[in-house]
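An overview of the molecular structure
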Amino acid sequence: MATQTIENYLKALFSLAEQTETINVTDLAKRMEVSLPTVNSMVNRLASMGFVKYEKYKPLELSDAGKKQAALIIRKHRLTEMFLAEKMGIGWDEVHEIAEHIEHLKSPLFFDRLDEMLGYPSHDPHGSPIPDKNGQVEAQDLRKLSEFSGGDIVILKALGNTTEQFLRYLDEKELALESVIRIVKVEEFDGSMTLSWPGQTAQVFSEKVCSVLLVNAMNRES
Ligand SMILES: [Zn+2]
């Protein structure tokens, strides 16, 4: 039976795999905030459990069993976040920390009921997809806002950064998921963008911010 630590390693490997092509032990050590020897012994343990494919000096990779296990933990995490936000009215910047604990609860009944109460949501409060009961994750076909041009209209669907700090920044700007955003202007000098969306006066956002706003294109303004 997987312990909490093992589950956290699987989750870290899963999210690293989403961000980079190859994962090495150093990346994992950095992510888990532990030393290299600690990561090495944990990776050996995960490999012996069949969750990780690992050969010395080669990149780390989750096995299919490891991917499924990780996705099922992420499912519990994201369903919990959705419940906290939707049913308990807890802010999207506060749900993650609580979900970090509840995701380790071993009760299929609890999470099935949560899923049902929420009406089987496809995404968490940050727009990230909730894996299904078989650990399958819906592919998201989203683009970074920073790739668009002046005059384009997009819908904000998800976030590439879900830290409390960034979520509070968006709250201050009153920018929420599903907002229809018009790109008023792109500054050639630094890639910053002037954006407007209903109910707000136009505001300038840095390229750093625009690169973690994940969007779908709408029609181009004529
Ligand atoms: Zn979270």
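Residues numbered from 1 in each chain as written. Predicted model: local features only at pLDDT ≥ 70, side-chain atom pairs only at ≥ 80, totals over all residues. Heavy atoms only, no water.

Protein-derived coordination of the zinc ion comes from His77 (NE2), Glu81 (OE) and His96 (ND1), at a distance range of 2.0 to 2.1 Å. Look at where the donors of the zinc ion fall in the sequence and you get H-x3-E-x14-H. In this pair, His77 sits in helix H4 (residues 64–86) while His96 sits in helix H5 (residues 95–102), placing the two residues 19 residues apart along the sequence. Exposure remark for His77: the relative accessible area of 6% places this residue in the buried category. (Donors = N, O, S within 2.8 Å, 3.2 Å for Na, K, Ca; no water. Helix = DSSP H or I, 4+ residues; strand = E, 2+ residues; numbered from the N terminus. Buried < 20%, exposed > 50% of the residue type's maximum accessible area, 1.4 Å probe, protein only.)

Across the interface, helix H1 (residues 4–19) lies against helix H3 (residues 36–48) with an axial gap of 11 Å and an inter-helix angle of 95°. In terms of their interaxial angle, H1 and H3 are classed as roughly perpendicular. Contacts between H1 and H3 involve Thr5, Ile6, Tyr9, Leu10 and Leu13 from the first element and Thr38, Val39, Met42, Arg45 and Leu46 from the second. Partitioning the contact of H1 with H3 into residue classes produces seven nonpolar, two polar and one charged. (Axes fitted to C-alpha atoms, helices over the stretch in contact; angles between N-to-C directions. Parallel < 35°, antiparallel > 145°, perpendicular 65-115°, else oblique. Contact = heavy atoms within 4.5 Å. Nonpolar A, V, L, I, M, F, W, Y, C, P; charged D, E, K, R; others polar.)

Another aspect to go through is helix H6 (residues 108–117). Taken residue by residue, H6 has Phe111, Leu114 and Asp115 as its buried positions. Burial along H6 is one-sided: seen end-on, the buried residues are contained in an arc of 100°. Looking at the buried residues of H6, the elements they touch are H4 and H5. Phi for Gly119, located one or two positions after H6, is positive at around 75°. (Arc of directions from axis to C-beta.)

This brings us to the packing of aromatic side chains. Given two aromatic rings, their pairing is described by the distance between the two centres and the angle made by the two planes. If you walk through the whole model with that rule in mind, you get four aromatic pairs. Considering the side-chain rings of Trp197 and Phe205, the 5.9 Å spacing of their centres and the 50° angle between planes classify their relative orientation as tilted. Against the face of Phe148 rests Arg143, its NZ or CZ located 4.3 Å from the ring centre. Lys173 extends its terminal NZ or CZ atom over the ring of Phe205, reaching a point 5.5 Å from the ring centre. (Phe/Tyr/Trp six-rings, centres within 6.5 Å; stacked < 30°, edge-to-face > 60°. Lys NZ or Arg CZ within 6 Å of the ring centre and 35° of its normal.)

One broad trend across soluble globular proteins is that nonpolar side chains are buried collectively. Ranked by internal contacts, the top residues of the largest apolar core, which has 23 residues, are Leu10, Leu13, Leu28, Leu46, Val52 and Leu60. Put simply, the parts of the chain that give this core at least two residues each are H1, helix H2 (25–32), H3 and H4. Once residues lying within four places of it in the same chain are set aside, the contact partners of Val52 are Leu13, Val43, Leu46, Ala47, Leu60, Glu61, Leu62 and Ser63. In this structure, Leu156, Phe166, Cys210 and Val212 belong to the second largest nonpolar core, which totals 21 residues. (Core = buried A, V, L, I, M, F, W, Y, C linked by side-chain atoms within 4.5 Å.)

The figure often quoted for interface size is the accessible area lost as the parts come together. Here the protein chain is described as being made up of domain 1 (4–62) and domain 2 (143–220). With centres defined by C-alpha atoms, the gap from domain 1 to domain 2 works out at 33 Å. (Domains from an automatic or database assignment.)

So, on to the pairing of strand S6 (residues 193–196). Covered by surrounding structure in S6 are Met193 and Leu195 together with Thr194 and Ser196, the residues of both alternating faces. With four bridges connecting them, strand S5 (residues 180–186) and S6 associate as antiparallel partners. Residue pairing in the sheet places Arg182 in a bridge with Ser196 of S6. Linking S5 back to S6 in an antiparallel pair, the connection comprises six residues, with Gly191 at a positive phi of about 75°. Bridge count for S6 against strand S7 (residues 203–205) is three bridges, and the pairing is antiparallel. Bridging across to S7, Met193 finds its partner in Phe205. From the end of S6 to the start of S7, which pair antiparallel, there are six residues, and Gly199 there has a positive phi angle of about 80°. (Pairing = 2+ DSSP bridges.)

Turning our attention to unusual backbone geometry. Positive phi values are uncommon outside glycine, yet Glu33 reaches one of about 55°. Here Glu33 is to be found in the loop between H2 and H3. Here Glu33 falls in the exposed class, since its relative accessible area comes to 74%. Within the chain, Glu178 stands out as a residue other than glycine whose phi angle is a positive 75°. Along the polypeptide, Glu178 turns up in the loop between helix H7 (164–173) and S5.

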